[in-house]
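Spelled out from the first residue to the last, the chains are:
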Amino acid sequence: MNYKSGFVTVIGRPNVGKSTLVNTLIGEKINIISPRPQTTRNSIKAIYTEAEGQIIFIDTPGIHEARNELDKYMQGEAYNSLDGIDIIIFILDGSTYWGKNDEMIYKQLKSSKQDIIYVMNKIDKMSNKDLIKRQKEYSQKVGQEVIPISALNNKNTDTLLTEIFNRLPEGPQYYPDDMITDQIERFVFAEMIREKIFYLTREEVPYGVAVLVEEVKERDNDDYYIRANIYVEKKSHKGIIIGKNGRMLKKIGSQARKEIEGLMQTKVYLDLWVKVLKDWREKDNLLKRMGYK
Ligand SMILES: Nc1nc2c(ncn2[C@@H]2O[C@H](COP(=O)(O)OP(=O)(O)OP(=O)(O)O)[C@@H](O)[C@H]2O)c(=O)[nH]1
């Protein structure tokens, strides 16, 4: 069997579940998911590898009518991400109706040369009857089969994967097996923060600390906003890391920030949060996300 690979972008209006789908397929929580729309600002790569081939996902911001510059920027990001793409996955929300934003994206995409796979998400929120009805309605609208899935419950996503592999061209393995994202810098930032904690706190505290960078955002003025969680195993450790009047956390933050700024050659805003997570060392998922596995 020949190895297949290619770039797949996931498009759809805000809040339809684009990030959730990519995360479910990759099996990790890479992108920021929130119940508020427009949490995804930049296109993010996530990499799915199996024996048959490799899919590189580009997550895009939700497309809707532009109301301001940021909206326009995000739209640009979404449409730009179509260059060099093999397949477009257009996500529709089955639990609502075909809206004007769906229509707008549909019209834009119709003229694109890429293969489009239509997906109807959130079927876990629908009755069987509605599912059949809406699937038919959407299929008629787009003139081809629409795949019903629940990204949240990982339902029927294997059908989607099969469909993607059916359409992907033969190609090389672009990234190593165990790489799930190209966002290596997150790991480096986390290590820089952890190192400061290591030097500035004492006794058993540093060994029970894990740092996870949750968000990296390049802002309009070219500086970076970085949000990281510092996980500790005990409440008393949280107190030590925060320090009297927050002094210790400020010190950790300012030292780490300077180092990250040196690396990025730009101004950085570092937003640190301390959280107690008992037995984080036993939590498989967390360890994986931190690159320990
Ligand atoms: N019930 C249900 N909820 C879902 C499903 N997929 C996503 N959601 C929820 O829908 C909300 C939006 O999900 P996201 O994955 O952030 O949506 P998105 O399309 O990436 O949103 P933007 O980044 O704003 O464009 C979250 O509250 C998800 O939990 C699904 O299959 N079923």
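In case you missed it, the structure is sitting above this.
Below is a summary of the structure that appears in this document. None of these values were measured; they are calculated from a predicted model.

## Quick word on the overall build of the chain
Broken down by element type, the chain carries nine helices and nine strands. Put simply, the chain has 293 residues, and 33% of those count as buried. A separation of at least 24 residues holds for 68% of the contacts in the chain among residues at least 6 apart in sequence.

## Focus: the nonpolar core
If you look at the biggest cluster of nonpolar residues, it comprises 32 residues, and the most contacted ones within it are Val-8, Phe-57, Ile-89, Phe-90, Ile-91, Leu-92 and Val-119. When contributions to this core are tallied by element, the ones reaching two or more residues are strand 1 (4-11), helix 1 (18-26), strand 2 (44-50), strand 3 (53-59), strand 4 (87-93) and strand 5 (115-121). Dropping the residues within four chain positions of it, Ile-91 is found in contact with Val-10, Gly-12, Val-16, Gly-17, Lys-18, Leu-21, Val-119 and Asn-121. The next biggest cluster of nonpolar side chains, apart from the first, holds 22 residues, and it includes Leu-212, Ile-226, Leu-270 and Leu-272.

## Some words on the sheet that holds strand 7 (residues 210-218)
With respect to topology, three strands assemble into an open sheet ordered 7-8-9, the strand pairing being mixed. This sheet does not close on itself; its edge strands, each paired only once, are strand 7 and strand 9 (268-276). The sheet shows a mean angle of 15° between the axes of neighbouring strands, taken without regard to direction. Examined bridge by bridge, strand 7 and strand 8 (residues 224-232) share eight bridges and lie antiparallel to one another. Of the residues in strand 8, the one forming a bridge with Val-211 is Ile-230.

## What to know about unusual backbone geometry
For Asn-15, which is not glycine, the phi torsion reads 75° and is therefore positive. Mapped onto the elements, Asn-15 comes out in the loop between strand 1 and helix 1. Take Asn-15: there are 19 C-beta atoms within 10 Å of it, and that puts it in the partly exposed class. Backbone geometry at Asn-245 places phi at a positive 55°, although glycine is not the residue there. Judged by local crowding, Asn-245 falls into the exposed class, with 8 C-beta atoms found within 10 Å.

Rules of the game
One numbering rule holds for all chains: residues counted from 1, following each sequence as written. Note on the predicted model: pLDDT of at least 70 is required for a residue's local features to be given, and 80 or more for side-chain atom pairs to be given and counted; whole-chain, interface and lining totals, by contrast, use all residues. Helix and strand labels come from DSSP, where a helix needs a run of H or I of at least four residues and a strand needs a run of E of at least two; each type is numbered from the N terminus. Any residue whose C-beta has 12 or fewer other C-beta atoms within 10 Å is treated as exposed, any with 20 or more as buried, and any in between as partly exposed, C-beta atoms being built from the backbone. What counts as a contact here is a pair of residues whose C-beta atoms, placed from the backbone, lie within 7 Å. In this description, a nonpolar core means buried residues of the types Ala, Val, Leu, Ile, Met, Phe, Trp, Tyr and Cys, linked to one another by C-beta atoms lying within 7 Å. One requirement defines pairing of two strands: DSSP has to find at least two bridges between them. Fitted lines through C-alpha atoms give the axes, limited to the stretch in contact for helices. The angle between two N-to-C directions lies from 0 to 180 degrees.

Function-wise, these values are silent; they only describe arrangement.
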